[in-house]
Amino acid sequence: MGSVKFVELLLTAEIFNRFENLSEDDIPKEIRKIFYTRTGIKRPLVVREDMAKVYANDFDPKLPFVDFNPLTKQYKLTSLELATKWFVSKGGEMIKKNPVLAYYYQNYDSLRVSYEEAKKYTLPKHGDKEWLQSIINDLEKNEETREMLSLVRVFSPEEIPVDFNEVALSEEQIEEIRKIEIAISEREYLKKIGLVDIGKLLFIGPPGTGKTTTAKALSKKLYLPLVEVKLSMITSQYLGETSKNIEKIFEIAKKLSPCILFIDEFDYVAKTRTSDEHAAIKRAVNTLLKSIDEINLVNDGVVLIAATNHPGLLDPAVWRRFDKIVEFPEPEEKIRRRLFEIFLSRIDGNFDVEELVKATKGFTGADIKLVVREAVLKALLSGRKSLNQTDLLNAVEEVKNRLQLKSAEYEGCSVRDGRLAGHTGY
Ligand SMILES: Nc1ncnc2c1ncn2[C@@H]1O[C@H](COP(=O)(O)OP(=O)(O)OP(=O)(O)O)[C@@H](O)[C@H]1O
Ligand SMILES: [Mg+2]
C-alpha cells in the first residue's frame, strides 16, 4: 500500500508539472497539503524524502522507474511510461479519485476513468488553511492590504469546530441555506441568465440564538473561508475613517474570494439615516449601502451574511438590499429538543429530554448550552462523569435565576450610547 501511494505522489507531481492546464484544484487535498510552501503551490513540484514519508508512510523506493538523489534528497521518475503502466494494475481505484491522474489516464484503453468524475471527490484549494495563509502572507507584504487585514478576522473552514449537523435549525432556516449552497454551485448559470443579485443574507434574532454559530458552520459546510468583522470594532471617532474602513472590509473580502463575509453587530452602522446623527455616520451608512450593492456572489464569489440583535434599528434602505432575511427567534420546542440532543450527545447518563424541553420555555441555544455545562460541572464536583435528570433540572433552575438577574439589570436603561442594550433591544 505504502509503495502504491508513493508512486501516486510521484505521478501526480510529474503529470501536474507536464500539463499546464491542470490547476491546484485538481490535486487531491491530502497531496496538496504535502506540496504547499509559504507562497502556495508552484511548478515544478518536487518530491523530497520527507514528503514521501508523510504521504506514503512505509514504502519501498527501489522501483525500476524511480531515482533518488542523495544530495537533494529528492525522488524522481526516470520513465513516466513505466511508472504509469506499473500503477494501472495497482492503483486503479486511486486514479478514479485523483483528477490529475484521471486527466492523464482518461484515454487509457482498459481504464474507464473520467476527469470530471474524479473532480467530484476533490475539495477545492480555497478552503485549505495553507492556501489561505499563502494569500494572507502575500497581502501582508503591502502596507495598504496589511491594514485592511487588521480590520477582520479570517478563519479557514478547516479550523472551524462546529459541524452543520450540530446546529439546531428550523426547516425555513435550512431551506435558505440550501439556496445559497445551490447558488454557489450554479454560479456560471446564474451569471449567464443575469441573475447576479444573490447571496446576501441578514440574520436577525436575540443574543445566543445561533447566528454566529450558523455562519461558522456554513463556512465549514461550503468549504469557504470566513471573513469576520464586528462593525463596532471598525467605527472610528475620526471623521470619514469609518467609511474608509467599510470600503476596506469589502475590498479585502473580494481579495480573499471565494469566501463568506460575516458582518456582525450590523446595526452599529446601519441604523436609520434619518435620525439627527452626525454627518459622518450618514456617510458611513451610505458607504455601507453602496458597498453592499457593489458586491455579489455571482461576480465576486462573496457570500454576505450580516447579523443583528436589533433589526428595528436598521434603515429601511438596508433591508431591501438583502435577498433573504433569516430569523433566529427564541427556539420553540422542536428546536430546544434538538439542542438538548446535540449538547447531550456525547454525555453519559439517563435523561428525560421531554421534561427538559418543557422546563426551558424562553431559553435560547446559548442558555441550553449553559444548562448542560452547569450540570456537567456540578456532577464532576461530586466525582461523577455521568449525568442524571436531577443534575439537569437543577441547572435549569440555576440558569433561570441567572436570566432573571440579567433582565433586571437592564430595566430602566434601555438606551445606551444611542443603541438599545442587551435582551431588551430585540
Ligand atoms: N441553534 C443553535 N444550534 C446550536 N448551538 C447553538 C444554537 N444557538 C445557540 N447555540 C450555542 O450557543 C452559543 C452562542 O450562540 P451564537 O454565538 O451563535 O449566538 P448569536 O445568535 O450569534 O448571539 P449574539 O447575537 O449575541 O451574537 C454557541 O456556543 C452555540 O454553541
Ligand atoms: Mg453572534
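Residues numbered from 1 in each chain as written. Chains lettered and ligands numbered in written order. Predicted model: local features only at pLDDT ≥ 70, side-chain atom pairs only at ≥ 80, totals over all residues. Heavy atoms only, no water.

### So, the pairing of strand β3 (residues 74-77)
Here β3 shows one buried face, formed by Y75 and L77, and one open face, formed by Q74 and K76. Bridge count between strand β1 (residues 47-48) and β3: two bridges; the pairing is antiparallel. Residue pairing for β3: R48 is matched across the bridge by Q74. Taken together, the four bridges between strand β2 (residues 66-69) and β3 define a ladder with antiparallel strand orientation. Note that in β3 the partner of V66 across the bridge is L77. Between the antiparallel neighbours β2 and β3 lie four residues, among them K73 with a positive phi of about 55 degrees. (Buried < 20%, exposed > 50% of the residue type's maximum accessible area, 1.4 Å probe, protein only. Helix = DSSP H or I, 4+ residues; strand = E, 2+ residues; numbered from the N terminus. Pairing = 2+ DSSP bridges.)

### Description of the nonpolar core
The biggest cluster of nonpolar side chains holds 80 residues, and the ones touching the most others in it are F6, L11, F87, F250 and F266. Each of domain 1 (2-122) and domain 2 (127-327) accounts for three or more of the residues forming this core. Those residues in contact with F6 that lie beyond four places of it in its chain are A52, A56, F59, D60, P61, L63, V66 and Y75. V167, I177, I198 and A307 belong to the second largest nonpolar core, which has 27 residues in total. (Core = buried A, V, L, I, M, F, W, Y, C linked by side-chain atoms within 4.5 Å. Domains from an automatic or database assignment. Contact = heavy atoms within 4.5 Å.)

### Some details on the domain arrangement of the chain
Segmentation of the chain into domains returns domain 1 (2-122), domain 2 (127-327) and domain 3 (333-410). Its C-alpha centre places domain 1 at a distance of 38 Å from the equivalent point of domain 2. Each side of the interface is counted separately: domain 1 has eight residues, and domain 2 has eight residues. Of the roughly 680 Å² buried where domain 1 meets domain 2, counting both sides, 39% is carbon and sulfur surface. Among the residues of domain 1 in contact with domain 2, K33, Y36 and R38 are the three that bury the most area, contributing 67% of the side total. (Buried area = accessible area lost by both parts, 1.4 Å probe.)

### Some words on a nonpolar patch on the surface
A cluster of nonpolar residues, Y189, I193 and L195, forms a patch on the protein surface that exposes about 300 Å² of accessible area. The exposure class of Y189 is partly exposed, given its relative accessible area of 46%. (Patch = residues over 30% accessible without salt bridge, like charges linked within 9 Å, V, L, I, M, F, W, Y side chains within 5 Å. Areas by Shrake-Rupley, 256 points an atom, 1.4 Å probe, with all protein chains shown as cover. Salt bridge = Lys/Arg side-chain N within 4 Å of Asp/Glu carboxyl O.)

### Describing the confidence of the model for the chain
Confidence in the prediction of the chain, expressed as mean pLDDT, is 90, and 93% of residues score 70 or more. Counted against residues more than four places away or in other chains, residues 410-426, with its pLDDT under 50, gives 29 contacts. (pLDDT = per-residue confidence, 0-100.)

### Structural notes on the sheet that holds strand β7 (residues 259-264)
Sheet architecture is open: six strands sit in the order β4-β6-β7-β8-β5-β9, paired in mixed fashion. Because the sheet does not close on itself, it has two edges, and the strands there are β4 (153-155) and β9 (324-327). The sheet shows a mean angle of 20 degrees between the axes of neighbouring strands, taken without regard to direction. Against the sheet, helix α11 (residues 211-222) makes contact with β4, β5 (200-204), β6 (226-230), β7 and β8 (302-308), and its axis sits at roughly 175 degrees relative to β7, the strand it touches most. Along the sheet face, helix α13 (residues 241-255) touches β6, β7 and β8 and points at about 160 degrees away from the line of β7. (Axes fitted to C-alpha atoms, helices over the stretch in contact; angles between N-to-C directions.)

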